[in-house]
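For reference, the chains in residue letters:
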Amino acid sequence: MAEPVQEELSALAAIFCGPDEWEVLSRSETDGTVFRILAKAEGFMDADIPLQLVFHLPVNYPSCLPGVVVNSEHLTRAQCLTVKEKLLEQAESLLSEPMVHELVLWIQQNLRHVLKQPETGSGSEKCTSTVSTTADDGLWITLLHLDHMRAKTKYVKTVEKWASDLRLTGRLMFMGKLILILLQGDRNNIKEYLILQKTSKVDVDSSGKKCKEKMISVLFETKVQTEHKRFLAFEVKEYSSLDELQKEFETAGLKKLFSEFVLGLVK
């Protein structure tokens, strides 16, 4: 990691030092750093709106744009995508220099004006393509394993909404206690889904309080090959037997991945 980026991360950790304001989600020499910032910005009627901003700094940042995911219980998904788009537009004017703190300050000062602008259908498409890179082009497929779902009805609706918003297809699969999520789509959209899954309060704990998903694992991810089926929609399916589940994978051209990654979960 370049020294200016290390200095920026240290500065951000010092600035956002309140409870839960700052969290590093992952660090990698190949994929860069992903971290979360909780901030408040002035919305309509002078009311403060809590924002969860997840930034992904690729290894060649700040020579390239950061990835951004915006989430807030007080905004619609379309509004979150509009905020993300405007942040990326602002980021383009700050290329080649550390910019995260400036972006947070900018949205804190301009959220009200951003929300006043009409939402357009092209907004989400534009913000997705802005952060995509040549290496990530094409269709990808990812399989996730969840340990449990306590608030199943709400959890399933949330997963369906995220998949729809991010234009992902695939399956949410239940077989006994086994829970799998198979996602197919743009790799950056899958990454954004994973960030939402790990940073949003999607379930409840044993006492019934809302909680984040901490028991999730990525079993595999790969670029879609010619033998892989193209899913046309995202569906929730329940299977009564292992054979039934196996047939789903075989039909999708994923027989080898099933034997390598799924069989071990049910033995």
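All values reported here derive from a predicted model rather than from experimental measurement.

Conventions we followed
- Residues numbered from 1 in each chain as written.
- Predicted model: local features only at pLDDT ≥ 70, side-chain atom pairs only at ≥ 80, totals over all residues.
- Heavy atoms only, no water.
- Core = buried A, V, L, I, M, F, W, Y, C linked by side-chain atoms within 4.5 Å.
- Buried < 20%, exposed > 50% of the residue type's maximum accessible area, 1.4 Å probe, protein only.
- Helix = DSSP H or I, 4+ residues; strand = E, 2+ residues; numbered from the N terminus.
- Contact = heavy atoms within 4.5 Å.
- Pairing = 2+ DSSP bridges.
- Axes fitted to C-alpha atoms, helices over the stretch in contact; angles between N-to-C directions.
- Patch = residues over 30% accessible without salt bridge, like charges linked within 9 Å, V, L, I, M, F, W, Y side chains within 5 Å.
- Areas by Shrake-Rupley, 256 points an atom, 1.4 Å probe, with all protein chains shown as cover.
- Salt bridge = Lys/Arg side-chain N within 4 Å of Asp/Glu carboxyl O.
- Lys, Arg positive; Asp, Glu negative; His and termini not counted.
- Charge placed at Lys NZ, Arg CZ, Asp CG, Glu CD.
- Domains from an automatic or database assignment.

(A) Structural context of the nonpolar core. Ranked by internal contacts, the top residues of the largest apolar core, which has 33 residues, are Phe35, Ile37, Phe55, Val83 and Val100. Of all the secondary structure elements, the ones that give two or more residues to this core are α1 (3-15), β2 (32-42), β3 (48-57), β4 (67-71), α2 (77-92) and α3 (100-116). Of the residues forming this core, the biggest block, 7 residues, is contributed by α3. When neighbours within four sequence positions are excluded, Val83 is seen to be in contact with Val70, Leu75, Ile107, Leu111, Val114 and Leu115. Among the nonpolar cores identified, the runner-up in size contains 27 residues, and Trp140, Val156, Leu172 and Ile179 belong to it.

(B) Up close: unusual backbone geometry. Note the cis peptide between Tyr61 and Pro62, where omega equals 10 degrees. By the secondary structure assignment, Pro62 is in the loop between β3 and β4. With a phi angle near 85 degrees, Ser96 is a residue other than glycine that sits in the positive phi range. If you trace the backbone, Ser96 turns up in the loop between α2 and α3. Positive phi outside glycine occurs at Arg167, with the angle close to 55 degrees. Structurally, Arg167 is set in the loop between α5 (152-165) and β6 (169-175).

(C) Representation of the sheet that holds strand β7 (residues 178-186). Across the sheet, which stays open at both edges, the 5 strands sit in the order β10-β5-β7-β6-β11 with mixed pairing between neighbours. With partners counted over all chains shown, the strands left at the sheet margins are β10 (216-223) and β11 (234-238), one partner each. Between one strand axis and the next, the sheet turns through 15 degrees on average, direction left out of account. Lying on the sheet, helix α7 (residues 242-251) is in contact with β5 (139-146), β6, β7 and β11; it crosses β6 at an angle near 170 degrees. Each of β5, β6, β7 and β10 is contacted by helix α8 (residues 255-266), which is oriented at about 150 degrees to β7, the strand it contacts most.

(D) Layout of a positive patch on the surface. Positive charge collects at one region of the surface, where Lys154, Lys201, Lys209 and Lys210 lie side by side. You can see Lys210 is positioned in strand β9 (residues 210-212). Accessibility expressed as a relative area gives 49% for Lys210, which makes it partly exposed.

(E) Local environment of the sheet that holds β3. Spatially, 4 strands are ordered β1-β2-β3-β4 in an open sheet, and the strand pairing comes out antiparallel. Either end of the sheet is taken by a strand with one partner, and the two such strands are β1 (22-28) and β4. Here the average twist between neighbouring strands, direction ignored, is 20 degrees. Helix-sheet contacts for α3 involve β2 and β3, and the interaxial angle to β2 is about 40 degrees. Strands β1, β2, β3 and β4 of the sheet are contacted by helix α6 (residues 187-199), whose axis makes an angle of about 45 degrees with β4.

(F) Spatial organisation of the domain arrangement of the protein chain. Per the domain assignment, the segments of the protein chain are domain 1 (3-115) and domain 2 (140-262). The C-alpha centroid of domain 2 is placed 27 Å from the C-alpha centroid of domain 1. Every contact between the two is made by 13 residues of domain 1 and, on the other side, 10 residues of domain 2. Taken together, the links from domain 1 to domain 2 amount to 3 salt bridges.

(G) Structural detail: the pattern of salt bridges. By the definition in use, this model includes 13 salt bridges. Asp165 serves as the salt-bridge partner of Arg77, at 3.7 Å between the closest nitrogen and oxygen. Of this pair, Arg77 sits in helix α2 while Asp165 sits in helix α5, placing them 88 residues apart in sequence. The exposure class assigned to Arg77 is buried, which follows from its relative accessible area of 10%. Residue Glu260 pairs with Lys256 through a salt bridge whose shortest N-O separation is 4.0 Å. Here Glu260 and its partner Lys256 are both found in helix α8, 4 residues apart, which amounts to about one turn of the helix. For Glu260, a relative accessible area of 46% translates into the label partly exposed.

(H) Geometry of the side chain of His145. Looking at where His145 falls in the secondary structure, it is placed in strand β5. Look at His145 and you get buried, because its relative accessible area is 17%. Sequence-distant contacts of His145, defined by excluding residues within four places in its chain, comprise Leu178, Ile179, Leu180, Met215, Ile216, Ser217, Leu219 and Leu265.

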